[in-house]
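Structural overview
So the chains spell out like this:
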6 protein chains.
Amino acid sequence: MVYITRKEHFSSSHRLYNPAWSDERNWETYGKCNNPNGHGHNYDIEVTVAGDPPAETGMVMDLKKLSDLINMHIIDRVDHKHLNLDVDFLRGVIPTAENMAIAFWKILEKEIHGGKLYSIKLNESNNNFVEYRGE
Amino acid sequence: MVYITRKEHFSSSHRLYNPAWSDERNWETYGKCNNPNGHGHNYDIEVTVAGDPPAETGMVMDLKKLSDLINMHIIDRVDHKHLNLDVDFLRGVIPTAENMAIAFWKILEKEIHGGKLYSIKLNESNNNFVEYRGE
Amino acid sequence: MVYITRKEHFSSSHRLYNPAWSDERNWETYGKCNNPNGHGHNYDIEVTVAGDPPAETGMVMDLKKLSDLINMHIIDRVDHKHLNLDVDFLRGVIPTAENMAIAFWKILEKEIHGGKLYSIKLNESNNNFVEYRGE
Amino acid sequence: MVYITRKEHFSSSHRLYNPAWSDERNWETYGKCNNPNGHGHNYDIEVTVAGDPPAETGMVMDLKKLSDLINMHIIDRVDHKHLNLDVDFLRGVIPTAENMAIAFWKILEKEIHGGKLYSIKLNESNNNFVEYRGE
Amino acid sequence: MVYITRKEHFSSSHRLYNPAWSDERNWETYGKCNNPNGHGHNYDIEVTVAGDPPAETGMVMDLKKLSDLINMHIIDRVDHKHLNLDVDFLRGVIPTAENMAIAFWKILEKEIHGGKLYSIKLNESNNNFVEYRGE
Amino acid sequence: MVYITRKEHFSSSHRLYNPAWSDERNWETYGKCNNPNGHGHNYDIEVTVAGDPPAETGMVMDLKKLSDLINMHIIDRVDHKHLNLDVDFLRGVIPTAENMAIAFWKILEKEIHGGKLYSIKLNESNNNFVEYRGE
């Protein structure tokens with residue numbers, strides 16, 4: 001079994017807040033990420049697929065095709081968008097990196113064939129990362 | 001003369017549009033950067049100061065102090081903010097990287113003593129950079 | 001379950017040597033890392049915590065709080081220090097990256113609540129890394 | 001148990017194609033990677049060894065020695081070479097990153113003592129990675 | 001005046017040799033870069049354009065348009081190609097990084113309008129860079 | 001004229017202090033960099049040479065040879081050393097990045113032939129850089 005990974009990039013804005021809470025509790029929980037007008041990030045997404053490369057091709061899956069799938073199903077829907085306002089599949093979800101990774105998994109799991117989706121990593125900054133493995 | 005550089009980071013959202021223009025012209029000019037709800041970036045700012053290090057200290061300027069100045073006068077006012085809505089010194093300015101670098105220069109030029117402000121670089125993404133040298 | 005990671009940085013000096021050994025054996029084992037006056041590194045530490053993000057917050061743990069814990073319990077005690085001479089919790093320990101990762105684990109394991117400490121990675125240079133998972 | 005990793009670099013050219021196939025099928029499968037005159041990459045290889053560091057040394061394995069092994073058995077045989085034409089241990093193998101990682105594993109597994117080879121990662125570009133763990 | 005930079009990437013193979021020389025002199029001059037079957041690199045190209053951003057747009061030049069120009073005139077002609085064999089505008093040129101930067105300048109100088117081409121940087125690896133400013 | 005750059009790496013420890021000053025003034029000036037037992041860094045040095053590449057070779061200077069010169073004259077004398085105690089050419093110099101860049105310039109200026117030494121950059125950390133151009 002070999003693990004192959006494709007990294008893609010997008011730039012979005014978001015605001016962390018729970019509409020069921022008071023302003024005070026939102027500030028205590030999310031700090032400056034709760035700023036009402038939002039803020040933004042350059043995100044890196046790393047999608048890892050596990051599989052056994054057939055002798056015929058030597059590839060678990062064509063990385064160009066994996067890139068196309070990530071772009072069509074994720075990047076085109078979140079890049080240069082406001083994650084709270086513009087993204088249908090995040091409606092009603094607090095757009096933390098954790099929730100975003102889980103939402104991306106649900107979408108990509110159905111689209112990837114040949115190999116098995118193994119991990120989604122999301123880097124929100126040089127120092128903050130999350131990973132979801134469908135567990 | 002030695003050039004010393006301090007790099008700092010901030011995460012903001014913005015929207016590129018000229019209020020004097022039609023929606024159509026804004027889209028033609030700014031493309032997806034014109035999305036009405038905005039988008040965002042992790043910005044790197046690199047501030048370069050030129051000077052002759054005195055023999056006594058061997059430093060053009062204390063980089064810790066330069067870091068403090070950048071944080072107090074720039075980062076604290078733009079980090080986790082919406083650049084069009086939350087930042088007083090960008091009011092009425094289209095927040096392109098070019099305009100931001102010029103605005104940062106105007107602020108820091110007055111605050112830096114000992115050395116001479118030489119350059120401000122602003123990285124909006126891994127592939128897009130601007131630099132302003134006060135020329 | 002989601003894995004969240006926070007990366008922090010510190011700069012320290014150290015010397016690798018085993019006081020129970022002859023000078024000769026120390027040089028054979030540690031090479032130039034055994035230089036009597038020491039040398040140093042910029043270290044990156046990546047702390048990964050695993051947990052199930054509650055629907056209410058969407059976060060395994062506040063990454064700002066994780067950053068504060070790492071700074072208070074690790075960075076403030078090793079940054080700009082000599083690891084053999086200045087760090088109480090490394091007294092009597094040969095400060096290899098392996099031993100440092102294990103020592104950091106023992107400290108952080110007790111301080112992290114909400115999620116479970118999953119991994120500590122320590123990068124001593126761009127080409128040398130270690131990881132400890134408490135196994 | 002601690003995992004230690006050494007990263008090394010090499011620059012090679014290659015061509016992806018299956019000699020048993022028609023030109024058409026090769027182009028459909030490998031796209032521009034099938035260009036007859038080949039193309040090339042700067043590769044990063046990360047070799048991870050797992051082990052229990054003896055109290056006496058505090059090291060799973062001397063990273064300098066691991067570096068020497070990777071250079072002697074891998075880098076010296078692939079660096080500044082054409083992977084399809086110049087490398088004996090890749091003869092008859094389609095030099096995809098997957099197949100290269102597996103071939104490197106087979107070589108290094110026999111050479112590494114003290115610790116156990118755990119993982120080989122191969123980065124073909126900033127956005128494309130593969131990992132093989134001998135499974 | 002503001003300097004704006006766009007970075008793009010390509011992967012190519014090449015061989016350094018001067019056909020007017022003996023094999024011996026080629027090996028003395030180019031070392032392993034002279035390997036007859038060639039080798040390859042992931043190249044980064046950074047194109048810097050200088051100009052005065054008009055108040056109306058706040059941009060020296062649309063970086064998306066600059067990216068398109070670099071892709072159309074450079075990347076599409078060198079990416080996944082053999083620089084000695086497949087690239088018309090490098091015919092008869094020894095494809096050192098120096099010569100490539102000069103050749104790219106000659107092409108882009110004619111295509112960039114609005115701002116003035118200021119610099120072309122070419123990174124052949126993490127440790128080797130060249131820059132040409134048309135001087 | 002083309003500018004070529006070679007990057008090399010070293011890891012050293014140092015202490016910033018001026019022996020002519022009181023302890024108090026040293027702490028005020030250098031802060032935690034004044035810690036008596038020292039601290040350390042992974043340094044990157046970037047050496048830039050300017051020249052006109054002869055048509056015959058297409059190279060300003062062989063980057064391998066430039067690398068050898070930097071290693072022989074700089075890296076071998078500072079790597080895994082204490083900059084205050086172990087380095088003859090820094091005797092009596094406060095080892096700030098500024099002073100180190102100037103000292104490296106004085107050494108390399110005499111060793112580089114064919115091209116002209118143009119710049120020495122020294123990165124002390126990901127966020128702190130200095131550059132000296134012999135001015």
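Above this note sits the structure.
Scope of this entry: the structure provided in the associated data block. If you're wondering where the values come from, they're calculated on a predicted model, not measured in any experiment.

Overview of the relation of the copies chain F and chain B
For the pair chain F and chain B, the superposition axis carries a translation of 0.0 Å, the fit reaches an RMSD of 0.0 Å, and the rotation angle comes to 120°. Between the two chains, the operation in question is that of a three-fold axis. Among all residues of chain F, the one whose C-alpha sits closest to the rotation axis is F:Asn126, at a distance of 8.7 Å.

Concerning the arrangement of the chains
Nowhere do chain A and chain E come into contact; their C-alpha atoms are at least 14 Å apart. When C-alpha atoms are compared, chain C and chain E, though not in contact, are closest at a spacing of 11 Å.

Considering the environment of B:Lys106
With respect to the element layout, B:Lys106 can be found in helix H3 (residues 97-111). Here the alpha-carbon distance between B:Lys106 and B:Thr57, two residues 49 residues apart in the chain, equals 28 Å.

Some points on the environment of C:Ile107
Topologically, C:Ile107 is positioned in helix H3 (residues 97-109). Separated by 71 residues in sequence, C:Ile107 and C:Pro36 have C-alpha atoms that sit 29 Å apart.

A look at the interface of chain F and chain B
Each side of the interface is counted separately: chain F has 19 residues, and chain B has 20 residues. Broken down residue by residue, the surface that chain F buries against chain B is led by F:Glu98, F:Asn127 and F:Phe129, which jointly contribute 35%. Where chain F packs against chain B, one counts one salt bridge. Between B:Glu56 and F:Arg25 there is a salt bridge; the shortest N-O distance is 3.3 Å. The set of elements that each furnish at least two residues to the side of chain F that touches chain B consists of helix H1 (23-30), helix H3 (97-111) and strand S4 (128-132) of chain F. Counting residues per element, the side of chain F that touches chain B draws most heavily on S4(F), which supplies five residues. Sheet topology note: the strand S1 (residues 2-14) of chain B/S4(F) ladder contains five bridges and is antiparallel. Its bridge partner being in S4(F), B:Thr5 is matched across the sheet by F:Phe129.

Some details on the pattern of salt bridges
Residue and element names in this part refer to chain E. Summed over all chains, the structure comprises 39 salt bridges over all chains. Ionic pairing is found between Glu 131 and Arg 133, a salt bridge with its closest N-O pair at 3.1 Å. Look at Glu 131 and you get buried, because its relative accessible area is 12%.

Procedures and definitions
Residues numbered from 1 in each chain as written. Chains lettered and ligands numbered in written order. Predicted model: local features only at pLDDT ≥ 70, side-chain atom pairs only at ≥ 80, totals over all residues. Heavy atoms only, no water. Least-squares fit on C-alpha atoms with pLDDT ≥ 70 in both. Contact = heavy atoms within 4.5 Å. Helix = DSSP H or I, 4+ residues; strand = E, 2+ residues; numbered from the N terminus. Buried area = accessible area lost by both parts, 1.4 Å probe. Salt bridge = Lys/Arg side-chain N within 4 Å of Asp/Glu carboxyl O. Pairing = 2+ DSSP bridges. Buried < 20%, exposed > 50% of the residue type's maximum accessible area, 1.4 Å probe, protein only.

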